[in-house]
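What follows is the residue order along each chain.
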Amino acid sequence: MNTSRPDLPDPSTAPQLFDGVLQRRVIAFFIDTVILAVIATVILLVGAIAGIFTLGLAWLSLPFVIPLAILGYYAMTLGSPMRATVGMSMMDIVLVPARGYPLDGWKILIHPLVFWITVWVAWPVSLFVALFTPRQQMVQDLVTGTLMLRRSPMVRHWAGVRA
């Protein structure tokens, strides 16, 4: 067990919290990508129509509005009490702090930013790192000090730790 943070789950003592997390993260990524594609498509359609009426001025805003909408999706989902995007919720996983600091404000946006950078630069590296970290943490988790756990068994684990 982790002696520096005894309240931090350990795969050897609480394997149910880590069961299939990496596979669930991959499926959650695809679910969230579809949702983000729908959001971007709606914004593009609205922007295209608005661009006609504004003589092209609305088209100039699209490169700024779409990334802001994507960040807004992450802020609203990861920043909510659920601490999970729609895909993560569907896959029964949740993002929790691993360093003891609350996940709020800008901290909640750093995780998806680092994630998308690693996806664009070298997505296999992030998955490879997760295979060799004890808690299946990906690069963005290590950088931001977060941990991905199964939600359903997590409630029972934390209740046992506090008791």
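Focus on the nonpolar core
Point 1. If you look at the biggest cluster of nonpolar residues, it comprises 18 residues, and the most contacted ones within it are Y74, L78, M88, I93, L95 and M148.
Point 2. Of all the secondary-structure elements, those providing two or more residues to this core are helix 1 (21-53), helix 2 (57-78), strand 1 (93-97) and helix 4 (106-132).
Point 3. Contacts of M148, omitting those with residues within four sequence positions, involve V21, R25, M88, I93, V94 and L95.
Point 4. Within the second largest apolar cluster, nine residues are counted, among which are L17, F18, V94 and L149.

Description of helix 1
Point 1. Between the first and last C-alpha of helix 1 there are 47 Å, a value that for 33 residues agrees with the 48 Å anticipated at 1.5 Å per step.
Point 2. Listed as buried for helix 1 are V21, L22, R25, A28, I31, D32, L36, A40, I43, G47 and G51.
Point 3. Buried residues along helix 1 sit in contact with helix 2, helix 3 (86-90), strand 1, helix 4, helix 5 (139-144) and strand 2 (146-150).
Point 4. Positive backbone phi, at 55 degrees, marks L55, one or two positions downstream of helix 1.

Criteria and cut-off values
- The residue numbering used here restarts from 1 in each chain and proceeds along that chain's sequence as written.
- For a predicted model such as this one, the threshold for reporting local features is a pLDDT of at least 70, and the threshold for listing and counting side-chain atom pairs is 80 or more; totals across whole chains, interfaces and linings nevertheless cover every residue.
- In computing side-chain properties, one takes all heavy atoms of the structure into account and sets aside hydrogens as well as water.
- Side-chain atoms within 4.5 Å link the members of a nonpolar core, which is a set of buried Ala, Val, Leu, Ile, Met, Phe, Trp, Tyr and Cys residues.
- Exposed residues in this analysis have more than 50% of their type's maximum accessible area, buried residues have under 20%, and partly exposed residues fall in between, with area computed by a 1.4 Å probe over protein chains only.
- Secondary structure elements follow DSSP: runs of H or I of four or more residues count as helices, runs of E of two or more count as strands, with numbering from the N terminus.
- Residues count as neighbours in contact if any of their non-hydrogen atoms are within 4.5 Å of one another.
- Here the expected span of a helix is defined as 1.5 Å times the quantity of residues minus one.

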